[in-house]
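Listed below are the residues making up each chain.
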Amino acid sequence: MSNLELDPQEIRCGAEAGEDGEVLVGREVPLGGPRAMMVSRTLPGVHRRMIGAWCFVDAYGPQRATMRVPPHPHTGLQTVSWLVEGEVLHRDSLGSLQEIRPGQLNLMTAGRGISHSEESPESVLHGVQLWVALPGEHRHTGPAFEHHPALPVLAGPGFEAIVVMGSLGGVESPATAFSPLVGAQIAVDGTCEVPLSPGFEHGVLLLDGAVEQLEPGPLVYLPPGRSALRLSGRGRALLIGGEPFGEEIVMWWNFVGRSHDEIAAFRKDWMEGEGFGAVEGFDGAPLPAPVLPTTRLKPRGRVRQPLRNV
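None of the values given here were measured: they were computed from a predicted structure. (Residues numbered from 1 in each chain as written. Predicted model: local features only at pLDDT ≥ 70, side-chain atom pairs only at ≥ 80, totals over all residues. Heavy atoms only, no water.)

Looking at this structure, I do not really get the overall build of the chain. What am I missing?
When helices and strands are tallied, the chain shows one helix and 22 strands. The C-alpha radius of gyration computed for the chain amounts to 18 Å, which stays within 12% of the reference 19 Å derived for 310 residues, consistent with globular compactness. Structurally, the chain occupies a C-alpha span of about 55 × 55 × 35 Å along its principal axes. For the chain, the residues scored as buried account for 53% of the 310 residues in total. (Helix = DSSP H or I, 4+ residues; strand = E, 2+ residues; numbered from the N terminus. Rg over C-alpha atoms; globule rule 2.2 N^0.38 Å. Buried < 20%, exposed > 50% of the residue type's maximum accessible area, 1.4 Å probe, protein only.)

Okay, here's the thing in structure tokens:
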């Protein structure tokens, strides 16, 4: 899944300080046509744009919907597809054809450029789509696709965590990562303490059930310095995190770059059919790129700095 907005702008989301962290309230975004699926986008936000290298979080469902995302391009990032319920078919310009089901990971590395599509029959869909920004030394790497039908598990008193990306508590995912990070689905049953890397910043999102410290919808941000995440209740949550990302990036539509001119060049190549290959087998035309804004896109860091009086 990707950003299908026709007029993508800098995203304005609410944020307020909670007792245990910063609460990032998402905005509702329709994806697709007349039977559009609604998603809640909590990253990027008006204040916090990234958590580690994670730069995009869309959560959707459970809702009965049809996913139909035509071929579209990506650069400079990895897409991480994770389902709680339903199934989605992935196609890409490398020739990949792979269905994903709950508990499995589809990971696509865009690098210098790739295109893909996603679709499903009408059914109950529930999941998250995330992007990981590639650091400068890896952002022009060759495109790649991985499917992981089974992933390692970290278990402890009151919890069981599927390690989707990176490592958690010494358990490492086989998925390719280009920066120190973690992504995990945590099933909570009672009271638990999930180990964290103190050097990471983290985000926690409730997927289902009732967990006392979380509410449906918002993403809770936790700054570096924590060695454990304390949760209680019965439900499932998504944990993401990583070392704070030190580079400024430009993120517009489905591209991650470093300058306005680079993004403009990506758009031009896509519209002219260059650099992204072709997705075979999708019944429909590729997505045209939106028109670039009239003002130049600016590289931005992971956090918007407060305005200063001058």
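Where do I start with the sheet that holds strand E13 (residues 144-148) in this structure?
By definition, the strands of a sheet pair up through backbone hydrogen bonds, in either a parallel or an antiparallel sense. Pairing is antiparallel in the open sheet, where seven strands are placed in the order E3-E4-E5-E12-E7-E10-E13. Single-partner strands in this sheet number two, and they are strand E3 (27-31) and E13. Each adjacent strand pair in this sheet contributes to an overall mean axis angle of 20°, direction not counted. Summarising the sheet, E3 and strand E4 (residues 37-43) pair through five bridges and their orientation is antiparallel. Across the sheet, residue Glu 28 finds its bridge partner in E4, namely Ser 40. (Pairing = 2+ DSSP bridges. Axes fitted to C-alpha atoms, helices over the stretch in contact; angles between N-to-C directions.)

Looking at this structure, I do not really get the packing of aromatic side chains. What am I missing?
The relation between two aromatic rings is expressed through the spacing of the ring centres and the mutual angle of the planes. With the rule as written, the count across this model stands at six aromatic pairs. Considering the side-chain rings of Trp 270 and Phe 276, the 5.8 Å spacing of their centres and the 85° angle between planes classify their relative orientation as edge-to-face. In terms of burial, Trp 270 and Phe 276 fall into one category: buried. Every member of this aromatic cluster is reached through a ring pair, and the members are Trp 252, Trp 253, Phe 255, Phe 266, Trp 270 and Phe 276. In this structure, Arg 48 is placed above the aromatic ring of Tyr 221, and the distance from its NZ or CZ to the ring centre is 3.6 Å. (Phe/Tyr/Trp six-rings, centres within 6.5 Å; stacked < 30°, edge-to-face > 60°. Lys NZ or Arg CZ within 6 Å of the ring centre and 35° of its normal.)

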